[in-house]
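Chain by chain, the residues:
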Amino acid sequence: MVEWEKVKVGDIGKVITGKTPKTSNSEYYGGNIPFLTPSDDMSVKYVRKTNKYITEIGRLSIKNATLPANAICVSCIGSDLGKVVITTQKTVTNQQINSIVVDTDKFDIDFVYYSMLELGKILNFHSKTSTAVPIVNKSSFSQYEIDCPKLNTQKKIGAILSSIDNKIEENNQINKNLEEQAQSIFANEFLSLDTLPEGWKQASLIDIADYLNGLAMQKYRPTADESGIPVLKIKELRQGCCDDNSELCSPSIKSDYIIHDGDVIFSWSGSLLVDFWCGGTCGLNQHLFKVTSNIYDKWFYYSWTNYYLQKFAAIAADMATTMGHIKREELAKSRVLIPSNSDYECIGGLLAPLYNLVISNRIENSKLATIRDTLLPKLMSGEVDVSNLDL
């Protein structure tokens, strides 16, 4: 490669291994400083929220562990090995994450982020072939090498890939707004009623939709002459896509258990979640419901299922316990309101377009992610030369 050279991670900037403030001290937690761990969502480019936050006192209790905005964080332990995010504000991580404060005089932050994604694939592969819990300490992490062109070319590569990720994030923000609008309309039309309007009736969740539980997919692996399809499990539903680590199942399973873009999926065991699946064709695993109806529209049964899911989660939080699973009896006890035909059409005219756009944006994001992931190794290796491009 012309004008490319090998650079050690430790030479890109300052490498910082995170630390955890003492969990026994309540004064250290509950502040406004993000405390990033591998259990947070590291499938996005920028970390904008974390599950835990620490106080200024908590931050000061650990020396030399504070990251500025635009630090690049790499998970370096276990099954999450190789996940990468960029901080957006002053942040602290736990000791399972190594981070790089990039020397921006020599390196482009976006380029380094995408380089770490490529390095992350190598780290994750090692985690799958290790019999022990894989750990990459600061010293080992600093010795890994990346291919690096001159700064001007770095910026061009970073800009090309960032333009795709920026569009994905823009769609995500649009969808967040659309979903907030939809929930507001649903609450106004169904939850603010003092009396049941004329022509309306009461029913339950199982009266308006079918909840099909998935299969134990370990029994339905692809045969030697089949190209398998990914298995949709709770992990995939949470991250919105399948990946190289997703299990495979036979495409010859009963068609009812094959999931397509736009299907409503309800995780009823462990993690409570209902969402539109837009990650491509896959097979439905047990502990997930595929929600459908031959009578009612998607906007209707999704809205009511989502409404009760939020109530179940709130009850679990109030009781300070984790709800193991939702039984069908609980679905049967969940009251819904079915509008008159004219009101149903009117409300559907408001909600259906919003949810259709959410699904459309997610499918577009899936296609964009595929383009980015195809370009990524070609750009980061110099196979696609951008040095002469004017950006």
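Basis of the calculations
Residues numbered from 1 in each chain as written. Predicted model: local features only at pLDDT ≥ 70, side-chain atom pairs only at ≥ 80, totals over all residues. Heavy atoms only, no water. Core = buried A, V, L, I, M, F, W, Y, C linked by side-chain atoms within 4.5 Å. Buried < 20%, exposed > 50% of the residue type's maximum accessible area, 1.4 Å probe, protein only. Helix = DSSP H or I, 4+ residues; strand = E, 2+ residues; numbered from the N terminus. Contact = heavy atoms within 4.5 Å. Phe/Tyr/Trp six-rings, centres within 6.5 Å; stacked < 30°, edge-to-face > 60°. Disulfide = S-S within 2.5 Å. Pairing = 2+ DSSP bridges. Salt bridge = Lys/Arg side-chain N within 4 Å of Asp/Glu carboxyl O.

Considering the nonpolar core
Counting 40 residues, the largest nonpolar core has Phe190, Ile208, Phe266, Phe300 and Trp304 as its most contacted members. When residues of this core are traced back to their parent elements, those giving at least two are helix H4 (151–191), helix H5 (205–208), strand S17 (264–267), strand S18 (273–276), strand S20 (288–292), helix H7 (298–318), strand S21 (335–338) and helix H9 (341–380). Examining the composition of this core, we find that nine residues originate from one element, H7, more than from any other. Those residues in contact with Phe190, other than ones at most four positions away along the chain, are Trp200, Trp299, Phe300, Trp304, Leu337, Pro339 and Ile347. Among the nonpolar cores identified, the runner-up in size contains 33 residues, and Ile12, Ile100, Leu119 and Phe141 belong to it.

What about the packing of aromatic side chains?
Evaluated as defined, the whole model comprises 24 aromatic pairs. Centre to centre, the rings of Phe190 and Phe300 are 6.2 Å apart; their planes meet at 55°, and the pair counts as tilted. Taken together, the positions of Phe190 in helix H4 and Phe300 in helix H7 put the pair 110 residues apart, joining distant regions of the chain. Taking the relative accessible area as the measure of exposure, Phe300 reaches 0% and is therefore buried. A ring pair is formed by Tyr296 and Phe300, whose centres lie 5.2 Å apart and whose planes are at 40°; its orientation type is tilted. Among the aromatic side chains, those forming a connected cluster through ring pairs are Phe186, Phe190, Trp200, Tyr296, Trp299, Phe300, Trp304, Tyr307, Tyr308 and Tyr344.

Points about the state of the cysteines
As used here, a disulfide is simply a covalent bond connecting the sulfur atoms of two cysteines. Scanning the entire structure with this criterion turns up zero disulfides. Sulfur of Cys242: no disulfide; nearest cysteine sulfur belongs to Cys282 and is 4.7 Å away. Not part of a disulfide, Cys249 finds its nearest cysteine sulfur in Cys282, a span of 7.9 Å.

What about the sheet that holds strand S2 (residues 13–17)?
A sheet is described by the order of its strands in space; here five strands give the open sequence S2-S10-S7-S8-S4, paired in mixed fashion. Strands at the two margins of the open sheet, each flanked by one partner only, are S2 and strand S4 (46–47). Bridging between S2 and strand S10 (residues 97–102) involves five bridges; their strand directions are antiparallel. Residue pairing for S10: Gly13 is matched across the bridge by Val102.

What to know about the pattern of salt bridges
Applying the stated criterion across every chain, the model contains 18 salt bridges. Arg221 is paired through a salt bridge with Glu247; the nearest N and O atoms lie 2.9 Å apart. Here Arg221 is found in the loop between strand S13 (210–213) and strand S14 (229–232), whereas its partner Glu247 is found in the loop between helix H6 (234–239) and strand S15 (248–249), with 26 residues between them in sequence. Residue classification places Arg221 among the partly exposed residues on the basis of a relative accessible area of 35%. Accessibility expressed as a relative area gives 31% for Glu247, which makes it partly exposed. Ionic pairing is found between Arg372 and Asp373, a salt bridge with its closest N-O pair at 3.0 Å. On the basis of relative accessible area, Asp373 is assigned to the partly exposed category, the value being 39%. Via salt bridges that share partners, Glu56, Arg59 and Lys90 belong to a single interconnected network.

That is the geometry; function is a separate question.
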